[in-house]
Protein chains: 2
Amino acid sequence: MGELRRPFSKAIAVLRWLVDASHGSYGVREISAAMNAPVTTTHRALNALLQEGLVVKNDSNRYTLSLEAYRLGLALAPKSPWREVCMPFVRRASRETGETAAFSIFDPVRLQRFTAARMESDHAVTIVDRGYWKPLHAGASGLALLSFLDEATQAEVLGMPNISRETTQTIIDPIELRKKMEAVRAKGYAVTRGQLIAGVVGIGAPVFHPDGRLLGSMYVSIPEQRFAERREDPIAASLLACCSAFTNQLARGWTG
Amino acid sequence: MGELRRPFSKAIAVLRWLVDASHGSYGVREISAAMNAPVTTTHRALNALLQEGLVVKNDSNRYTLSLEAYRLGLALAPKSPWREVCMPFVRRASRETGETAAFSIFDPVRLQRFTAARMESDHAVTIVDRGYWKPLHAGASGLALLSFLDEATQAEVLGMPNISRETTQTIIDPIELRKKMEAVRAKGYAVTRGQLIAGVVGIGAPVFHPDGRLLGSMYVSIPEQRFAERREDPIAASLLACCSAFTNQLARGWTG
DNA sequence: TTGAAGTGTTTCTTTTAGTGGAACGAATGG
DNA sequence: CCATTCGTTCCACTAAAAGAAACACTTCAA
């Protein structure tokens, strides 16, 4: 009856869930359900986290991330090798386009991306998202990455089980996706409408490491109402300039 | 010969060490030494972390924090319930005093503090520190907390084994410390010179939760050369105003 | 060229503590 | 007041964590 035993994995899964999904306190059974694990195991994992001071239990026996957990986050965030390097370029892109600009990091292991830095525009209406891992097949930022990967990796991504329909505009057919990717490569950047968030136009371009490997993508998000066709060219030009400036800076001394 | 078995604890210790002490890559034996644990155990812990994607192993078999680890930090930091609440007051204190202002959170379990938010002054010379847990017996921020704790807790702190001499100015004699604390209580804030960092004057005042318990302290750090005696009063006044404004804001609806 | 001293990793037996279904006692609520 | 939740404890079972030692590999000096 003995199932696979990986206490560390279980506890980290709980921690990760609390970090990603959370803002508040949760009961054992609630967490257990999310983990898809027996209550006892989750309870034990929570106790381990409790002992390490990463979660706290309040008066009504519900669990929350602890101050120490937040401290670790606060200590880690500024050390992130990415933020400091990409922030100037994100700022520049936002200033030049007048819209919300951001930089997505590509993870060659997960074959996913996440937004590492973002600069909101001054407009009252801006786009918010929550900075978790995102797929490559949907949205300008993802497609700007996917389209410039090598053939083998592209095939791997297209074959992944989580080619999900994020919105009604998401392309999930491999053939159509390949066609779209071809168009992206031809232009040098990706333009999508509401593929990831309904009502949002995205323009994204790849950022390469000087050694040639794909690092991430810079992108701009614009509410559909505010976007006009004629804005595409100048925005894309500005974005591409930022991307190559980024690569150049990396070339001038940074051993990533 | 079987020692205590706590795989989760070991792995978290390694992770924490990497987060706190690190900016770079480390070998197994190096980490093992820092952990004060057998190489094998550390190796296993690293493998667990590796499997969870929290660390990565580079070509020369050295270990570093992974992108995913940084992502967790980036995801966690902005969610910190502290930053968003205290940031406005830190900004105000910095603006009013013209110096670097910060807010320290008091942890009633660890009986330590750490800096949750900081606003640098515009001067060329500013104070930097690294945001880990700090003791209460040294520096204005710590003393502003220690002095306003209840008698029993104070005794516990003074009896702790880590009453360390941070600089030559640190007071470590319990009797002298009590005298200093008495003075702090009388004034309502703490002024220290170089107790934590040589050449830095600190002025700190306690922040209370509306329900009366001690939350943290706001403090200002000034390079000694730039500090004049006559500046103490206005800075302290500004600080105390910020602190009570903070408490008032908490009273107006925040269920900390 | 050799070998001493590093490194990270694997092997191995012992034994602890993780596993999870079931039972428990305290809240909660219709 | 019983039914249903909750978090927690109990328990036999056994997988995996422990850690000394051997291993494979690189480095570097003699």
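Residues numbered from 1 in each chain as written. Chains lettered and ligands numbered in written order. Predicted model: local features only at pLDDT ≥ 70, side-chain atom pairs only at ≥ 80, totals over all residues. Heavy atoms only, no water.

In the structure shown here, the tally under the stated rule is 11 aromatic pairs over all chains. When the centroid spacing of 5.8 Å and the interplanar angle of 40° are considered together, the rings of Phe8(A) and Phe8(B) count as tilted. Note that Phe8(A) is positioned in helix α1 (residues 7-21) and Phe8(B) in helix α1 (residues 7-21), a pairing that runs across two chains. With respect to class, Phe8(A) is no different from Phe8(B); both count as buried. Measuring from ring centre to ring centre gives 6.0 Å for Phe148(B) and Phe208(B), while their planes differ by 90°; the resulting arrangement is edge-to-face. Of this pair, Phe148(B) sits in the loop between α6 (140-146) and α7 (151-158) while Phe208(B) sits in strand β6 (residues 200-208), placing them 60 residues apart in sequence. The exposure class of Phe148(B) is partly exposed, given its relative accessible area of 24%. By the ring-pair criterion, three or more aromatic residues cluster together here, those being Phe89(A), Phe103(A) and Phe246(A). (Phe/Tyr/Trp six-rings, centres within 6.5 Å; stacked < 30°, edge-to-face > 60°. Helix = DSSP H or I, 4+ residues; strand = E, 2+ residues; numbered from the N terminus. Buried < 20%, exposed > 50% of the residue type's maximum accessible area, 1.4 Å probe, protein only.)

Before going further, it helps to examine the protein's contact with DNA strand C. Taken together, 19 residues surround DNA strand C, and among them Thr41(A), Arg44(A), Gly27(B), Val28(B) and Arg29(B) come closest. In DNA strand C, atoms within 4 Å of the protein come from the sugar-phosphate backbone in 58% of cases. His43(B) places a polar side-chain atom, nitrogen or oxygen, 2.8 Å from a phosphate oxygen of DNA strand C. Going through the elements one at a time, α1 and α3 (39-51) of chain A together with α2 (28-35) and α3 (39-51) of chain B are the ones with two or more residues in the surface near DNA strand C. In terms of residue count, α3(A) provides more of the surface near DNA strand C than any other element does, 3 residues in total. Residue composition of the surface near DNA strand C, by class: 5 nonpolar, 6 polar and 8 charged. (Near = heavy atom within 4 Å. Polar contact = N/O pair within 3.5 Å; in protein donor to acceptor, adjacent residues only side chain to side chain. Nonpolar A, V, L, I, M, F, W, Y, C, P; charged D, E, K, R; others polar.)

As a further point, take the domain arrangement of chain A. According to the domain assignment, chain A consists of domain 1 (7-75) and domain 2 (80-251). Distance between the C-alpha centres of domain 1 of chain A and domain 2 of chain A: 33 Å. (Domains from an automatic or database assignment.)

So, about the interface of chain A and chain B. Listed per partner, the contact involves 43 residues of chain A and 43 residues of chain B. Overall, the association of chain A and chain B removes approximately 3900 Å² of surface from exposure, summing both partners, and the carbon and sulfur fraction of that is 68%. Remark: the boundary between chain A and chain B carries 2 salt bridges. Where Arg16(B) meets Glu52(A), a salt bridge forms, and the shortest distance between an N and an O atom there is 3.4 Å. (Contact = heavy atoms within 4.5 Å. Buried area = accessible area lost by both parts, 1.4 Å probe. Salt bridge = Lys/Arg side-chain N within 4 Å of Asp/Glu carboxyl O.)

On to the sheet that holds strand β3 (residues 100-107) of chain B, then. All names here are of chain B. If you trace the 5 strands from one edge of the open sheet to the other, you get β4-β3-β7-β6-β5, paired in antiparallel fashion. Either end of the sheet is taken by a strand with one partner, and the two such strands are β4 (112-119) and β5 (190-193). The sheet shows a mean angle of 25° between the axes of neighbouring strands, direction not considered. Where β3 meets strand β7 (residues 214-223), 6 bridges bridge the pair, whose relative direction is antiparallel. Across the sheet, the residue bridging to Ala-101 is Val-220, located in β7. (Pairing = 2+ DSSP bridges. Axes fitted to C-alpha atoms, helices over the stretch in contact; angles between N-to-C directions.)

A few words now on the sheet that holds strand β4 (residues 112-119) of chain A. All names here are of chain A. Ordered by their spatial adjacency, 5 strands build an open sheet running β4-β3-β7-β6-β5, and the pairing between neighbours is antiparallel. Of all strands in the sheet, those bounded by a partner on one side alone are β4 and β5 (190-193). Direction aside, the axes of adjacent strands within the sheet are offset by 25° on average. In the sheet, β5 pairs with strand β6 (residues 200-208) via 4 bridges, with the strands oriented antiparallel.

Now for the nonpolar core. Core analysis: the largest hydrophobic core is formed by 72 residues, its most contacted members being Phe103(A), Met218(A), Phe246(A), Phe103(B), Met218(B) and Phe246(B). Phe8(A), Ala45(A), Leu49(A) and Tyr70(A) belong to the second-largest nonpolar core, a separate cluster that totals 45 residues. (Core = buried A, V, L, I, M, F, W, Y, C linked by side-chain atoms within 4.5 Å.)

Moving on to the pairing of β4(B). Residues and elements named next belong to chain B. The element β4 is largely enclosed, with a buried count of 6 among its 8 residues. Looking at chain direction, β3 and β4 are connected through 7 bridges and run antiparallel. Each residue of the ladder has a partner; that of Phe-106, found in β4, is Arg-113.

For the pair chain A and chain B, the relating rotation is 180°, the translation along its axis is 0.1 Å, and the fit reaches an RMSD of 0.1 Å. Both copies of the chain, as the preceding transformation shows, are related through a two-fold rotation axis. Using C-alpha coordinates, one finds that chain A approaches the rotation axis most closely at Gly73(A), a distance of 2.0 Å. A shared interface surface links the copies, since 100% of the contact residues of chain A are contact residues in chain B too. (Least-squares fit on C-alpha atoms with pLDDT ≥ 70 in both.)

Now for the confidence of the model for chain A. Residues and elements named next belong to chain A. Of all residues in chain A, 91% attain a pLDDT of 70 or more, and the chain-wide mean is 85. When pLDDT is averaged over each element of chain A, helix α6 (residues 140-146) comes out on top at 97 and helix α4 (residues 67-76) at the bottom at 80. This model gives residues 124-130 a pLDDT under 50, and the stretch forms 18 contacts once residues within four places in sequence are excluded. (pLDDT = per-residue confidence, 0-100.)

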